[in-house]
Structure formats: C-alpha cells, structure tokens
Amino acid sequence: MHNNPATATDEPKDDKRWSIRALIVDDDVPIRELMIDYLARFNIHASGVTDGAAMRQAMQAERYDVVVLDLMLPGEDGLSLCRWLRAESDIPILMLTARCEPTDRIIGLELGADDYMAKPFEPRELVARIQTILRRVRDDRSEQRSNIRFDNWRLNSVLRQLVADDGLVVPLSNAEFRLLWVFIERPRRVLSREQLLDAARGRSIEAFDRSIDLLVSRLRQKLGDDPKAPHLIKTVRGEGYLFDARDIG
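Predicted, not measured: the structure shown is a model, and the values here were computed from it.

It is worth spelling out the pattern of salt bridges at this point. Scanning the model with the defined rule gives 12 salt bridges in all. One salt bridge connects Glu62 with Arg21, and the closest N-O pair in it is separated by 3.5 Å. Separated by 41 residues along the polypeptide, Glu62 in the loop between helix H2 (52-61) and strand E4 (66-70) and Arg21 in strand E2 (residues 20-25) bring together distant segments of the chain. Between Asp213 and Arg193 there is a salt bridge; the shortest N-O distance is 2.7 Å. Here Asp213, found in helix H8 (residues 212-223), pairs with Arg193, found in helix H7 (residues 193-200); they are 20 residues apart in sequence, far enough to count as distant. For Asp213, a relative accessible area of 30% corresponds to the partly exposed category. Sharing partners across several salt bridges, the network here consists of Asp26, Asp70 and Lys119.

Under the feature "modified residue: 4-aspartylphosphate" (unreviewed entry), the UniProt entry names Asp70. Not counting chain neighbours up to four residues away, the residues in contact with Asp70 comprise Val25, Asp26, Asp27, Gly78, Leu96, Thr97 and Lys119.

Moving on to the packing of aromatic side chains. The description of an aromatic ring pair rests on the distance of the ring centres and on the angle between the ring planes. Enumeration over the complete set of coordinates arrives at four aromatic pairs. Ring centres of Tyr38 and Phe42 lie 5.3 Å apart, and the angle between their planes is 40°; on these two criteria the pair is classed as tilted. Each residue in the set Phe150, Phe183 and Phe243 is aromatic and connected to the rest through ring pairs, giving one cluster. One residue, Arg56, lies across the ring of Trp84, its end atom 4.6 Å from the ring centre.

At a minimum axis separation of 10 Å, helix H6 (residues 174-185) and H8 run at an interaxial angle of 85°. Relative to H8, H6 is oriented roughly perpendicular. Each of Ala175, Glu176, Leu179, Leu180 and Phe183 in H6 lies in contact with H8, whose residues at this interface are Ile212, Leu215, Val216, Arg218, Leu219 and Lys222. Tallied by class, residues from the contact of H6 with H8 come to eight nonpolar, no polar and three charged.

Take the sheet that holds strand E13 (residues 240-243) next. Taken in spatial order, the three strands of this open sheet run E11-E13-E12, and their pairing is antiparallel. Looking at strand neighbours, the two that pair on one side only are strand E11 (190-191) and strand E12 (233-236), the edges of this open sheet. Pairing of E11 with E13, which is carried by two bridges, proceeds in the antiparallel orientation. Counted as the bridge partner of Leu191 is Tyr241 from E13.

Rules behind the numbers
- Residues numbered from 1 in each chain as written.
- Predicted model: local features only at pLDDT ≥ 70, side-chain atom pairs only at ≥ 80, totals over all residues.
- Heavy atoms only, no water.
- Salt bridge = Lys/Arg side-chain N within 4 Å of Asp/Glu carboxyl O.
- Helix = DSSP H or I, 4+ residues; strand = E, 2+ residues; numbered from the N terminus.
- Buried < 20%, exposed > 50% of the residue type's maximum accessible area, 1.4 Å probe, protein only.
- UniProt positions renumbered as here; feature names shortened; annotations may be inferred.
- Contact = heavy atoms within 4.5 Å.
- Phe/Tyr/Trp six-rings, centres within 6.5 Å; stacked < 30°, edge-to-face > 60°.
- Lys NZ or Arg CZ within 6 Å of the ring centre and 35° of its normal.
- Axes fitted to C-alpha atoms, helices over the stretch in contact; angles between N-to-C directions.
- Parallel < 35°, antiparallel > 145°, perpendicular 65-115°, else oblique.
- Nonpolar A, V, L, I, M, F, W, Y, C, P; charged D, E, K, R; others polar.
- Pairing = 2+ DSSP bridges.

Dropping the structure here:
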C-alpha cells in the first residue's frame, strides 16, 4: 500500500488554512475517507495510511500534530504501533477500536495513548477529542516552558522569578529577566554586547540605557555568580558573554 493512499486535499504543505495536521492509520478505507473529509471542515488536514509500514514512511516524510490510530490493523496491531510511536516521539495519539474490551483501552493508555474512542462514533466527537488532546498537550508544554531549570535554579517565566533549590525566591527586573531569557535560549554561545542589547531590549529601551555590562553584573549577583570567577555568565574578552549553564530544560 502506498504511504499516502488518501488525503483530504492536495493543497501545499504550508497552506495557512490548515491549523492542525493529522495522520489517520486505519485499514477501513470508507471510514478513513469519511474522517479525512469531515476533519477538513474544521481546518484539520488529514492524511490516511493503512498499516504500520506506511505510517512510518508518512511520519518520516511529514510533520503531524496528532495520530489517529486504529487498534485492529493488518500486520502490526495498534498497540504495537502505539508503543513504537511513544518510544520515538511525544506526538499525541488517539486510539480507535471496534472492540469494547476494557483491557484494550487500559493497555493502550498504559502504552502512552492520550485518548481512546470506540467505533462506531460520531465524527463531531472525533473532532472534539482531537481538539481536547491538542489543547491539553499545548497547556502541558506551556507549563513546562514556564518553568525552566538550569544548574541549581528554576526560572518562572510567568512570575519572572528565580527560585533556588532551597526555595529562595529572587525577583528579577524586566531587563534582568529578558537578558537571562536570551542567555537560556542561546546557551554556550558567545553573544556580543550588541546582540544581547538587541535581543533582550524588548519594549522598554530605557531599561538598557545603562551599560549591558552593568546589567550582567546585577544578574550575576542575583545568581550568586562570582564576578571574579563566574561559572554561569562568563566574559569572553573582546567578544561578549557566554552562558555556560548545564542541564537546561
């Protein structure tokens, strides 16, 4: 079977109308085509494949936001493919099955599926489930992004606070936060004073009227970084600064 036997449209991959890209893995062609057509009404660009081999080819060739995976497939079954998908990526997985065995549902969720639907189902419910999964994943990732760890610190980007391992909370000024954010996004790279000024300036240019060196000094002080022998924000003579934190994430 070809790796793209049924698609909603031949629109270009970067067509802005398609806000979500879904891969449907189901060997029931009429149901698969029904799902593809219906999802297109909700700006979900769906591609369909029949089995695991075609799914892997499609995943290599294209980026998807969610996989709708049938449990009963020729060759490798959906549980096996769910296990493979979860080992390879964190893409959201919605499993489908014509069987109503609770064991299948439990195993699928234990293997990493994000949700489960029994056939037959209302197409509108499929849309709702996909939207719910993606909203939950987006919120989870946003939460992870709002708390970034490095060395013995955690940066809360919502409250703009540094939190030490012992619970000590260190507030940051807007300028200090933006500078630290630039360093975190570009670790272990030498950044010139001009680059730091441009990247961290934000909307408040006044915050950077004073020297970038003074701002670095204030940030080092809050991080407990010895200015004579800094281990986090290092000075690269004649070039700028380098953020040398480890285990950022």
